[in-house]
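# Geometric and topological summary
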Amino acid sequence: GTTQLAAFRRTVDTRIEATAADLAARLAFSRRLNAAATEVSEAANRSFALRQEIDRRLAADSTSGAAASLRALKDTLLTKAKLMVPLFYGHNQSPEPYTSTILDDLNRLGYGDADAAPNAVEQSAAETMTAAAHEAVTRLDAAVLARCDEVWKRLRGVTPKYNR
């Protein structure tokens, strides 16, 4: 292959009436949605990896004292993660009718007019959904930590203080 160098000039598309401030606001809006979607996706990936490890441990020894706690942890992961991403619905399955996941909702918010600043409705929806995403991840992490503590204690032969 050969390399060719050429000069070019960037110009504004006159068909688009957006200002630089509008485009900057749209970019910041998209980045905020992407950050929330990434947080949800990373939590789902951690959850999925933990479920796989639980399956491996249960396959190796399904009668141990920690088996019931491992199953409860697996159920917690499934229940909480289903609210966040469609990953846990199986091949070619959709969420329950009239429901959507947090990730679905975050993705839909990005379909606004790319050549304009986000309007008040988009901004409000983004605030609501980014907060919901963060809260869902926080709740998942807290539930997993509590269940892992219970599993760890059972593996060590210590009776947990609580049993959910």
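Residues numbered from 1 in each chain as written. Predicted model: local features only at pLDDT ≥ 70, side-chain atom pairs only at ≥ 80, totals over all residues. Heavy atoms only, no water.

### Description of the pattern of salt bridges
This is how the line gets drawn: Salt bridge, as used here, is a side-chain nitrogen of Lys or Arg placed within 4 Å of a carboxyl oxygen of Asp or Glu. Numbering of helices and strands runs from the N terminus, with a helix taken as a DSSP run of H or I at least four residues long and a strand as a DSSP run of E at least two residues long.
Tallied over the entire structure, the rule returns 10 salt bridges. Between Arg15 and Asp13 there is a salt bridge, with the nearest N and O atoms lying 2.7 Å from each other. Between Arg46 and Asp141 there is a salt bridge, with its nearest N and O atoms 3.2 Å apart. Taken together, the residues span a long stretch of sequence, with Arg46 in helix α1 (residues 20-60) and Asp141 in helix α4 (residues 120-156) at a distance of 95 residues. One network of salt bridges, with partners in common, ties together Glu53, Arg56 and Arg57.

### Notes on the confidence of the model for the chain
Here is the rule we go by: Across the chain, each position has a pLDDT score giving the predictor's confidence in that residue, from 0 to 100.
The predicted model of the chain has a mean per-residue pLDDT of 84, with 87% of residues at 70 or higher. Averaged over each element, pLDDT in the chain is lowest for helix α2 (residues 67-84) (86) and highest for α1 (91).

### Topic: the nonpolar core
Soluble globular proteins: nonpolar side chains tend toward being buried together. Applicable threshold: In these notes, a set of buried Ala, Val, Leu, Ile, Met, Phe, Trp, Tyr and Cys residues joined through side-chain atoms within 4.5 Å is what counts as a nonpolar core. Whether a residue is buried, partly exposed or exposed follows from its accessible area with a 1.4 Å probe, protein chains only, as a fraction of its type maximum: under 20%, in between, or over 50%, in that order. Throughout, a contact is declared for two residues whenever any of their heavy atoms are within 4.5 Å.
In terms of nonpolar packing, the biggest core is built from 28 residues, with Val40, Met84, Ile102 and Leu106 touching the most fellow members. Of all the elements in the fold, those that place two or more residues in this core are α1, α2, α3 (102-109) and α4. Element by element, the count of residues in this core is highest for α1, at nine residues. With residues near it in sequence (within four places) discarded, Ile102 still touches Val40, Leu83, Met84, Met129, Ala132, Ala133 and Ala136.

### So, the packing of α1 against α3
Stated formally: Only C-alpha atoms enter the line fits that serve as axes; for helices the fit covers just the stretch in contact. Angles between N-to-C directions range over 0 to 180 degrees. Angles are sorted into four bins: roughly parallel if under 35 degrees, roughly antiparallel if over 145, roughly perpendicular if 65 to 115, and oblique for all others. The hand of a helix crossing depends on one turn: near helix anticlockwise from the far one by less than a right angle means left-handed, and clockwise means right-handed. Under the convention adopted here, Pro, Cys and the residues Ala, Val, Leu, Ile, Met, Phe, Trp and Tyr are nonpolar, Asp, Glu, Lys and Arg are charged, and Gly plus all remaining residues are polar.
Running from N to C, α1 and α3 point in directions that differ by 165°, and their axes come no closer than 10 Å. Relative to α3, α1 is oriented roughly antiparallel. For the pair α1 and α3, the crossing hand works out as left-handed. Contacts between α1 and α3 involve Phe29, Leu33, Ala36, Ala37, Val40 and Ser41 on the former and, on the latter, Ile102, Leu103, Leu106 and Leu109. Considered class by class, the residues forming the contact of α1 with α3 number nine nonpolar, one polar and no charged.

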